[in-house]
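# Fold and geometry: a report
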Amino acid sequence: MELASRIDALLPQTQCTRCGYPTCRDYADAIAGDEADIDRCPPGGAEGVAALAALLGRATKPLDPDYGAEQPPQVAVIDEAVCIGCTKCIQACPVDAIVGAAKRMHTVIASECTGCELCLPPCPVDCIVLVPAAEEPLSRAGVLARAEQARLRYEARNIRLSRPRSPPVSAKRSSAAIAPPGIPAAAAPAIATAPAAPPSATPITRSAVLEAIARGRARKNT
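Residues numbered from 1 in each chain as written. Predicted model: local features only at pLDDT ≥ 70, side-chain atom pairs only at ≥ 80, totals over all residues. Heavy atoms only, no water.

### Examining the overall build of the protein
Helix and strand counts for the protein come out as seven helices and four strands. Listing the helices and strands of the protein from first to last along the sequence gives α-α-α-β-α-β-β-β-α-α-α. Out of the 222 residues belonging to the protein, those deemed buried represent 35%. Partitioning the contacts of the protein with sequence separation of at least 6, the portion at a separation of at least 24 is 60%. For the protein, the exposed area adds up to about 13100 Å²; of that, 58% sits on carbon and sulfur atoms. (Helix = DSSP H or I, 4+ residues; strand = E, 2+ residues; numbered from the N terminus. Buried < 20%, exposed > 50% of the residue type's maximum accessible area, 1.4 Å probe, protein only. Contact = heavy atoms within 4.5 Å. Areas by Shrake-Rupley, 256 points an atom, 1.4 Å probe, with all protein chains shown as cover.)

### Thoughts on the layout of surface pockets
One simple way to see leftover space: roll a probe sized like a water molecule over the atoms. Roughly 300 Å³ of internal volume is contained in the largest pocket. Around the largest pocket, the lining is made up of 25 residues, and of these Pro42, Pro43, Gln71, Pro73 and Arg146 lie nearest the centre. A per-element tally of the lining of the largest pocket places helix 5 (residues 140-162) first, with five residues. Grouping the amino acids of the lining of the largest pocket by side-chain chemistry returns eleven nonpolar, nine polar and five charged. By volume, the second largest pocket amounts to about 160 Å³. Surrounding the second largest pocket, Ile90, Gln91, Asp96, Arg157, Arg160, Leu161, Arg163 and Arg165 form its lining. Of all the elements in the fold, those that place two or more residues in the lining of the second largest pocket are helix 4 (88-92) and helix 5. Top contributing element to the lining of the second largest pocket by residue count: helix 5, with three residues. When its residues are assigned to classes, the lining of the second largest pocket shows two nonpolar, one polar and five charged. (1 Å grid on protein atoms, 1.4 Å probe; cavity = no way out; pocket = protein on both sides within 12 Å on 5 of 7 lines; lining within 4 Å. Points joined across faces, edges and corners; volume = space filled by probe spheres on them. Nonpolar A, V, L, I, M, F, W, Y, C, P; charged D, E, K, R; others polar.)

### Examining unusual backbone geometry
One non-glycine residue, threonine 17, lies in the positive phi region at around 70°. Following the sequence through the fold, threonine 17 ends up in the loop between helix 1 (3-8) and helix 2 (24-32). Judged by its relative accessible area of 36%, threonine 17 is partly exposed. The phi dihedral of threonine 87 is positive, around 70°, even though this residue is not glycine. Summarising the element assignment, threonine 87 is placed in the loop between strand 1 (74-78) and helix 4.

### Overview of the side chain of glutamine 15
Residue position: glutamine 15 is located in the loop between helix 1 and helix 2. A relative accessible area of 3% places glutamine 15 in the buried class. If we skip the residues at most four places from it in the chain, glutamine 15 touches Pro22, Thr23, Cys24, Pro94, Leu118 and Tyr154.

### Topic: the environment of alanine 147
Along the polypeptide, alanine 147 turns up in helix 5. Residues alanine 147 and proline 12, 135 residues apart in the sequence, show an inter-C-alpha distance of 4.7 Å.

### Digging into the pairing of strand 1
For strand 1, a buried count of four out of five residues is recorded, marking the element as mostly surrounded by other parts of the structure. In terms of strand pairing, strand 1 meets strand 4 (residues 128-132) through five bridges, oriented antiparallel. Within strand 4, the position partnered with glutamine 74 by the bridge is proline 132. (Pairing = 2+ DSSP bridges.)

In structure tokens:
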């Protein structure tokens, strides 16, 4: 295994960017290329720094406080009464730990959340908070077990995003596609695609968004 991959295998895979790099793999590449030090990963903690030092044959050192401090694991929680369904947090989550749809309430899959905090800045109504998931930082074994699951979800998300989106199918094309062989679509009205039913949900109005923003700010100030 190349050095960068061995380094990456020791990182917590939160993809939190606190180290100054966009992904854990990018940080591993930088360490392997002597472009970054081993003390930039707060989620990995002091034991993570020690593991990197042992791999690279270096002396261990404390975490650099400029990149954050080691802390217990956290998970994101969405105030569902304030959420406006903008999907910005879904787009920001590197491990697809947030579920929901446009103009629908979102929620976090707590068991999959890595506590990366990347969902906080894009939320327009400040309805997401990070809460402790444990009282103490995870053990080294716990960090690596969590990292393996996070890696799988991160890679699955990248595969999903790399797939080309299928263009929407028009009603005319849909009718032609389902007509029996030898029968023109125009001659088969009974099997033509029915018009889509109007959405049952009431569209989000500007006033509703402003009210949600006000609720979020009021919560933040209490």
